[in-house]
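# An overview of the molecular structure
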Amino acid sequence: MKYYTKEWYDLMQKVDFTEDLIPIPDHEYTIFEIEAIYQQQMEEYIQNAEEMYDEPPLDFSKEIEQMEEFDLDFFIRVDEESGEIVEPHSKEEVIEWEKADYEKELEEYNHRPPFNREEAKQEFEERFNVELEALEDTYPSFAVETVDKRLLALGLVPESIYQKLKKLDKEYNQKFNDIEERAEKELSKQRIPNQLKNVFYSFHDAIILNLKQVENDYEMTLLLDGMDKECTLTFKNGEIIENEAKGKETELESSCWLYHELYKNKEDYALHILADEGNERSNNSLKYITLKCKDIEYTEKT
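Per chain, residues are indexed from 1 in the order of the written sequence. Confidence filtering applies because this is a predicted model: local features only for residues at pLDDT of at least 70, side-chain atom pairs given and counted only at 80 or more, and all residues used for totals across whole chains, interfaces and linings. Side-chain numbers come from the whole structure's heavy atoms, not from hydrogens or water.

## A short note on the sheet that holds strand β10 (residues 269–276)
Two strands make a pair as long as DSSP finds a minimum of two bridges between them. Numbering of helices and strands starts at the N terminus; helices are DSSP runs of H or I of at least 4 residues and strands are runs of E of at least 2. Spatial strand order, β8-β11-β10-β9-β5-β6-β7-β12: eight strands in an open sheet with antiparallel pairing. Among the strands making up the open sheet, the edge pair consists of β8 (239–243) and β12 (295–300). This sheet shows a mean twist of 25° between the axes of neighbouring strands, independent of strand direction. Direction of pairing for strand β7 (residues 229–236) relative to β12: antiparallel, over a ladder of six bridges. Bridging across to β12, Cys231 finds its partner in Glu300. Interaxial angles span 0 to 180 degrees and are taken between N-to-C directions of axes, which are lines fitted to C-alpha atoms, for helices over the stretch in contact.

Okay, structure coming up:
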């Protein structure tokens, strides 16, 4: 893997990490001031939750009726009872669906129980604790060591530290964009058939069910994300160059396909995959899978 490496993935998680931070005056905040800020944010969270709870459902059927450009594929849905994919056959059918959805949501809205403040308070506390536990993975060590952890978990940073973080964030963005530009430049030069190239776009977040050898080939079975559809990649005259995932030569323990680089020269294809073992999205769970082959065939399970 040349561009979409484990280090690149870690860098991607850091991009725009200051986006939700709010600068506050440089000041030695006391425990009482921090508690007051905490209570204020919690009350704002509860008020916003109550406003959303009291927001009535919207009837989208009227907007759909007025649409001049209409794509039926946009309204494909999954049946709640059977779990099967349902495709509409006409704009009128979509409108009927939307009306039925609205009537069901309105009925539930009119008979909803009173807003539960304690439940919203608990949600806020849980979110705060999650942020508190993730500080060291989210922010540079100098910020975690300098700023009161409770303020950081609330998204608040003293102005002087905020400016340092913004500078670092800008550096992360520049480095990330540079890698993206170089990757795009080199990968776009590869003479890969458009049909195969387009197929590979759909593999992001697909589940790798297995990788097995069949005579001189290797076959990889994928479950495409959000489509409940299996497909198979056959690597003709294939060879596994690297496989850090569990099971090595065979089982991949349902690893998740994150990103890939596909190269082609006169003789072979080379496929580099960055996979997530166990779908944990952590540095320890990221694995490289690299294959070399003469050709790649794609088939969908019917």
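## Regarding the packing of aromatic side chains
Whether two aromatic rings pair depends on their centres lying within 6.5 Å, for rings of Phe, Tyr and Trp, where Trp uses its six-membered ring; planes under 30 degrees apart make the pair stacked, over 60 edge-to-face, and the rest tilted. A full pass over the atoms with the stated rule returns 17 aromatic pairs. Plain terms: the ring middles of Tyr4 and Trp8 are 4.7 Å apart, the flat faces sit at 50° to each other, and that makes the pair tilted. Working definition: with a 1.4 Å probe on protein chains only, accessible area under 20% of the residue-type maximum means buried, over 50% means exposed, and in between means partly exposed. Given the relative accessible area of 3%, Trp8 is considered buried. Geometrically, the ring pair formed by Trp8 and Phe176 is stacked, given 5.8 Å between the ring centres and 15° between the ring planes. With Trp8 in helix α1 (residues 6–14) and Phe176 in helix α9 (residues 159–187), this pair connects stretches of sequence that are 168 residues apart. Exposure class is identical for Trp8 and Phe176. Each is buried. By the ring-pair criterion, three or more aromatic residues cluster together here, those being Tyr4, Trp8, Tyr9, Phe176 and Tyr259. Just above the ring of Tyr288 sits the side chain of Lys6; from NZ or CZ to the centre is 4.7 Å. In this structure, Arg112 is placed above the aromatic ring of Tyr109, and the distance from its NZ or CZ to the ring centre is 4.0 Å. By definition here, charges over rings are those cases where NZ of Lys or CZ of Arg is within 6 Å of the ring centre and within 35 degrees of the ring normal.

## Observations concerning unusual backbone geometry
A positive phi angle is found at Asp16, which is not glycine, with a value near 60°. In this structure, Glu215 is a non-glycine residue whose phi angle is positive, near 55°. As for its placement among the helices and strands, Glu215 is situated in the loop between β5 (206–214) and β6 (217–224). When its relative accessible area of 72% is taken as the criterion, Glu215 is described as exposed.

## Here we look at the packing of α1 against α9
One can describe the packing of α1 onto α9 by two numbers: an axis separation of 9 Å at closest approach and a directional angle of 135°. Considering their axes alone, α1 and α9 lie oblique with respect to each other. Seen from above, α1 lies across α9 with left-handed handedness. Where α1 approaches α9, its residues Trp8, Leu11, Met12 and Lys14 are matched on the opposing element by Asp169, Tyr172, Lys175, Phe176, Ile179 and Glu180. The residue classification treats Ala, Val, Leu, Ile, Met, Phe, Trp, Tyr, Cys and Pro as nonpolar and Asp, Glu, Lys and Arg as charged. All others, Gly included, are polar. Considered class by class, the residues forming the contact of α1 with α9 number six nonpolar, no polar and four charged. For classification, angles of less than 35 degrees are called roughly parallel, those exceeding 145 degrees roughly antiparallel, those between 65 and 115 degrees roughly perpendicular, and all remaining angles oblique. Rotating anticlockwise by less than a right angle from the far helix to the near helix defines a left-handed crossing, while the corresponding clockwise rotation defines a right-handed one. Here, residues are in contact when the closest pair of their heavy atoms is within 4.5 Å.

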